[in-house]
Amino acid sequence: MTSDQEALLFLAKAYDELGYADDARTSGNYGGAVSMAFYAAFYAVRGMLAHLREEPKTHHGTRSRFHLRAVRQSDYPSEVAALLDELRADRQEADYNVWTMDAWDDAAAVEAIAKARRFVEEAASWLDRHRPADR
């Protein structure tokens, strides 16, 4: 499998996660939707890094390499890149903070999904700009 094929598989997984997040929100699982929204963005990052032939072993390494390779050393917009950290913070609250994990509402889930969709769509555009023209 080529790095670009792997990138496209990760991007497809990102879009799947957006769909799962929408389904969770619709069923009233707002915290789950917030968590899945983060993973949509995370898989988009994995796709960009696969294209760059990077394979970090941890979430932290993945985020660090993304910020270095796709943002600082490339043209992924920093204002959209910042959404990854916002989504990560929300996911941690939704998944791990016992005091807030059930406090998420529809508006928060809608906002998280919108952020993730913007992030994933920008990742798809980035991949289109950076893949060889003769694919």
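The notes below deal with the structure included here. (Residues numbered from 1 in each chain as written. Predicted model: local features only at pLDDT ≥ 70, side-chain atom pairs only at ≥ 80, totals over all residues. Heavy atoms only, no water.)

Observations regarding the nonpolar core
Here is the rule we go by: Nine residue types can take part in a nonpolar core, namely buried Ala, Val, Leu, Ile, Met, Phe, Trp, Tyr and Cys, and a core is a set of them joined through side-chain atoms within 4.5 Å. Relative accessible area decides the class of each residue, using a 1.4 Å probe on protein chains only: under 20% of the type maximum gives buried, over 50% gives exposed, and in between gives partly exposed. Strands are runs of DSSP state E lasting at least 2 residues, helices are runs of H or I lasting at least 4, and numbering of each runs from the N terminus. Contact criterion: two residues are considered in contact whenever any of their non-hydrogen atoms come within 4.5 Å of each other.
Met48, Phe66, Tyr76 and Phe119 are the most contacted members of the largest nonpolar core, which has 41 residues in total. When residues of this core are traced back to their parent elements, those giving at least two are α1 (3-26), α2 (30-51), α3 (59-72), α4 (78-96) and α5 (106-130). The element that contributes the greatest number of residues to this core is α2, accounting for 12 residues. The residues contacting tyrosine 76, other than those within four sequence positions of it, are Met48, Phe66, Ala70, Val71, Ala81, Phe119, Glu122, Ala123 and Trp126.

Section: the packing of aromatic side chains
This is how it is decided: Within 6.5 Å between ring centres, the rings of Phe, Tyr and Trp (the latter by its six-membered ring) count as paired, and their orientation is classed by plane angle as stacked under 30 degrees, edge-to-face over 60, tilted in between.
Following the criterion strictly, the structure yields 9 aromatic pairs and no others. When the ring of phenylalanine 42 is compared with that of tyrosine 43, the centres are 6.3 Å apart and the planes differ by 70°; the resulting orientation is edge-to-face. Each residue in the set Phe10, Phe38, Tyr39, Phe42 and Tyr43 is aromatic and connected to the rest through ring pairs, giving one cluster.

Looking at the pattern of salt bridges
For clarity, the threshold we go by: A side-chain nitrogen of Lys or Arg and a carboxyl oxygen of Asp or Glu constitute a salt bridge if their distance falls within 4 Å.
Per the counting criterion, the structure on display carries 12 salt bridges. In this structure, glutamate 54 engages arginine 65 in a salt bridge whose closest nitrogen and oxygen atoms are separated by 2.8 Å. Note that glutamate 54 is positioned in the loop between α2 and α3 and arginine 65 in helix α3, a separation of 11 residues in sequence. Accessibility expressed as a relative area gives 29% for arginine 65, which makes it partly exposed. Glutamate 55 is the partner of lysine 57 in a salt bridge, and the nearest nitrogen-oxygen pair spans 3.9 Å. Each member of the pair, lysine 57 as well as glutamate 55, is classed as exposed. If you follow the salt bridges from partner to partner, you end up with Glu54, Arg65 and Arg69 in one network.

Let's talk about the side chain of lysine 115
The residue lysine 115 is located in helix α5 in this model. Given the relative accessible area of 16%, lysine 115 is considered buried. Those residues in contact with lysine 115 that lie beyond four places of it in its chain are Leu83, Glu86, Leu87 and Asp90.

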